[in-house]
Amino acid sequence: MRIWTTPLLLIAVVPSNAQDQRQPLLAELNTLYRGEVKFRIDKDDRLVADFFDASGHFRQDAVYIEYLDSTGFRFNAEENAVVMNCNAANANCIEKEIFKLNVIRHTGRSNFPVPRGDSEGRNTITTLGRLVGQVQVEMARVAAETHARPMRKK
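The structure presented is a predicted model; accordingly, all values stated were derived computationally and were not measured.

Definitions and cut-offs
- Residues numbered from 1 in each chain as written.
- Predicted model: local features only at pLDDT ≥ 70, side-chain atom pairs only at ≥ 80, totals over all residues.
- Heavy atoms only, no water.
- Pairing = 2+ DSSP bridges.
- Helix = DSSP H or I, 4+ residues; strand = E, 2+ residues; numbered from the N terminus.
- Axes fitted to C-alpha atoms, helices over the stretch in contact; angles between N-to-C directions.
- Buried < 20%, exposed > 50% of the residue type's maximum accessible area, 1.4 Å probe, protein only.
- Contact = heavy atoms within 4.5 Å.
- Disulfide = S-S within 2.5 Å.
- Phe/Tyr/Trp six-rings, centres within 6.5 Å; stacked < 30°, edge-to-face > 60°.
- Lys NZ or Arg CZ within 6 Å of the ring centre and 35° of its normal.

A. View of the sheet that holds strand β2 (residues 46–53). Taken in spatial order, the five strands of this open sheet run β1-β2-β3-β6-β7, and their pairing is antiparallel. Two strands close off the open sheet at either side, each with one partner strand: β1 (37–41) and β7 (103–107). With direction set aside, neighbouring strand axes in the sheet form an average angle of 20 degrees. Looking at chain direction, strand β3 (residues 56–64) and strand β6 (residues 94–98) are connected through five bridges and run antiparallel. By the bridge assignment, A62 is partnered in β6 with E95.

Here's what the structure looks like:
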């Protein structure tokens, strides 16, 4: 029984390390927004942003991180918002759920309010870029280590 315990323990530790590396960046984002927007990465490796206002939880944006452009975060002065874009190959990769309207829309961009004290969203843009870049590198590493499914011959 001892022979099987060690490999299982190693398998359980590897994903945990990846999650541990994401936590400081997620905590930094959540601290910047002070509860107005809460970020997390779900079990499907989607970046989920929950939006709150005085009425409560009003919107949720979810996007598979592999479809995000890690350099696609920018400040939009007209909207006074930080904007996130999908990469060119996956134009409508963001699922935007608006609870009041009971609708889910697919879009190519999502905007976040600029956090108080973060002029032009510089810290937010930097942190989002680092988080998305880090997760994309992890996903590429895992994909390179995993063998593709063999094709069946007819």
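B. View of the side chain of T127. One can find T127 in helix α2 (residues 122–145). Residue classification places T127 among the buried positions, given a relative accessible area of 1%. With sequence-adjacent residues up to four places away left out, T127 is seen in contact with L25, E28, L29 and L32.

C. Local environment of the state of the cysteines. Counted under the stated rule, the structure contains one disulfide. The residue that forms a disulfide with C86 is C93, at a sulfur-sulfur distance of 2.1 Å. Residues C86 and C93 are joined by a disulfide whose S-S torsion is about -100 degrees; by sign, that bridge is left-handed. When its relative accessible area of 11% is taken as the criterion, C86 is described as buried. For C93, a relative accessible area of 10% gives the class buried.

D. How the structure looks around the packing of aromatic side chains. Under the criterion given, the structure shown has five aromatic pairs. Where Y33 meets F39, the ring centres are 5.7 Å apart and the plane angle is 55 degrees; that geometry is what we call tilted. The pair Y33 / F39 is uniform in exposure class, with both members buried. Ring geometry for Y64 versus Y67: centroids 6.2 Å apart, planes at 70 degrees, classification edge-to-face. Judged by relative accessible area, which is 28%, Y67 ranks as partly exposed. Site record: aromatic cluster; members linked through ring pairs are Y33, F39, F51, F58 and F112. In this structure, R46 packs its charged tip against the face of Y64, placed 5.9 Å from the ring centre. Stacked on the ring of F51, the Lys or Arg R59 has its end atom at 3.9 Å from the ring centre.

E. Up close: the pairing of β3. In terms of strand pairing, β2 meets β3 through eight bridges, oriented antiparallel. By the bridge assignment for β3, L47 is matched with V63. Here β2 hands over to β3 after two residues, the two strands then running antiparallel side by side.

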